[in-house]
Amino acid sequence: MTLTAERTTTPATGGRRRNRKDRQGRETFMLMLPALVPVLVFSVGPLLYGIYLAFTDARSGRNAVTSFVGLANFGDLLSDGDFWSSFRIGLIWAVSVTVLQFAASLGLALLLNENLRFRSFARVLVLVPWAMPPVVIGLMWRLVYHPNAGILNSVLQDLGLLGHNVDWLNDFSIALPAVIVVGIWTGMPQTTVVLLAGLQNVPKELHEAGHMDGASSLRRFWSITLPQLRPIIVTITSLDFVWNINQFGLVYVLTQGGPGGQTRLPMLFAYEEAFRYGFFGYAATLGVAIVIVVLAVLGLYIGRQMREAN
C-alpha cells in the first residue's frame, strides 16, 4: 500500500504568496508611473478642470471673480445661433472628410496592396503628409490656393477649365469645400496605412476559393475583403471622426474660420470665445457639449455596426 501525502497551504505559505503579489503589484505600478503622470497632468487634469469651468462664469482678467452658475451656460448655448451654425459646419466638415477620406484611402490601400513596381517607394511617399505639422500643411495649401500666385489657378487656367483667378479660401460658396479637400489630403496617410495592414491580413485562401468558384474581382471585394475589414473600418472611421470634429490648427491657419464664419468649426468658435472675448466658462461649455455629441454619435454608429456584424 502506497501512501500519498497531500500538500496543504499553511498560513505562512499563503502570507508569502500575498506578499509576493503585493510586491509585484507595487513594482508594476512604479514601472507605469512615468507614463501615468503625464497622462494625469496633461490629459485627465485639464479635462476635469474644463468640466468644472463649464459650470462657472469664468472670464479673463486679473481681478475677475469666478462664480458657480450651474447649467446657465448650457442654456445659453442652446439659444446661441452662432454655436448652432458652427456645429452644423463642424458636422458637415467631419462627416465629409471622414467619408471621402475613407473612400480615397481604401482605393489607395488596394492599389498599394498590389504587386506593382516601386511599391515600397510609393508606400513611403504616402506617409509624407502624416510627417508634416498641421501649420506647415496649412501654409503650403494657402500657397496652392493663392488667388494670384497659386499653382491651382495656374494649372486650371492652362487646362482651359478656368477663365479667371478664383480666391478659393475667401469665396463664400467654395471656401468650405476647399478646406475639406485639405482635410482629406492631410488625414489619408494614417487611414491608408491602417487599411493596408488590414488588407495584408485577409487570408489569401478566401480569394483563391472565390476565384475558383468564378467570383469576379468586384464580387470578391464585396463578399470577402470588406467583411474581413469591418472591425478595422469601424475603428479607423470612428477615430477619424473624433479627430476631424476636434480639428483646429489646420483650419485656423487656412481661413481662421472665414470668410464670414463659413469655415468656423466648433473648436474655432470655442477658441474665439475663450481667447478673443475672454469667456472661459462658456468656451469650456462648448467643449463639453462637443464631447457629449461625439460620444452619442459614436455610440450610435458603433452600436449599429456591431448589430450588423452579429
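All of these numbers come straight from a predicted model, not from anything done at the bench. (Residues numbered from 1 in each chain as written. Predicted model: local features only at pLDDT ≥ 70, side-chain atom pairs only at ≥ 80, totals over all residues. Heavy atoms only, no water.)

Another aspect to go through is the UniProt feature "domain: ABC transmembrane type-1" (unreviewed entry) in the protein. The positions UniProt marks with the feature "domain: ABC transmembrane type-1" (unreviewed entry) are residues 87-301. Between the C-alpha atoms that bound residues 87-301 the distance is 19 Å, and the span itself is 74% helix and 0% strand. (UniProt positions renumbered as here; feature names shortened; annotations may be inferred. Helix = DSSP H or I, 4+ residues; strand = E, 2+ residues; numbered from the N terminus.)

Turning to the pattern of salt bridges, a few remarks are in order. Pairing between side chains of opposite charge can happen when the charged atoms of each approach one another. Tallied over the full model, the rule gives 3 salt bridges. Glu272 is paired through a salt bridge with Arg276; the nearest N and O atoms lie 4.0 Å apart. Here Glu272 and its partner Arg276 are both found in helix α12 (residues 266-276), 4 residues apart, which amounts to about one turn of the helix. Residues joined in a network through salt bridges with shared partners are Asp82, Arg264, Glu272 and Arg276. (Salt bridge = Lys/Arg side-chain N within 4 Å of Asp/Glu carboxyl O.)

Let us now look at the nonpolar core. Ranked by size, the top nonpolar core spans 38 residues in total, and within it Trp93, Trp141, Tyr145, Val182 and Leu254 carry the most contacts. Among the secondary structure elements, those contributing two or more residues to this core are α3 (81-112), α6 (134-144), α8 (175-200), α10 (217-245), α11 (249-254), α12 and α13 (280-309). Broken down by element, the residue count for this core peaks at 7 residues, all from α8. Leu112, Val126, Leu195 and Phe221 belong to the second largest nonpolar core, which has 12 residues in total. (Core = buried A, V, L, I, M, F, W, Y, C linked by side-chain atoms within 4.5 Å. Buried < 20%, exposed > 50% of the residue type's maximum accessible area, 1.4 Å probe, protein only.)

To continue, consider unusual backbone geometry. Going from Gly258 to Pro259, the amide bond is cis rather than trans, its omega being -5 degrees. Here Pro259 lies in the loop between α11 and α12. Positive phi is not limited to glycine here, since Gln256 has a value of about 55 degrees. Tracing the backbone through its elements, the reader meets Gln256 in the loop between α11 and α12. Look at Gln256 and you get partly exposed, because its relative accessible area is 48%.

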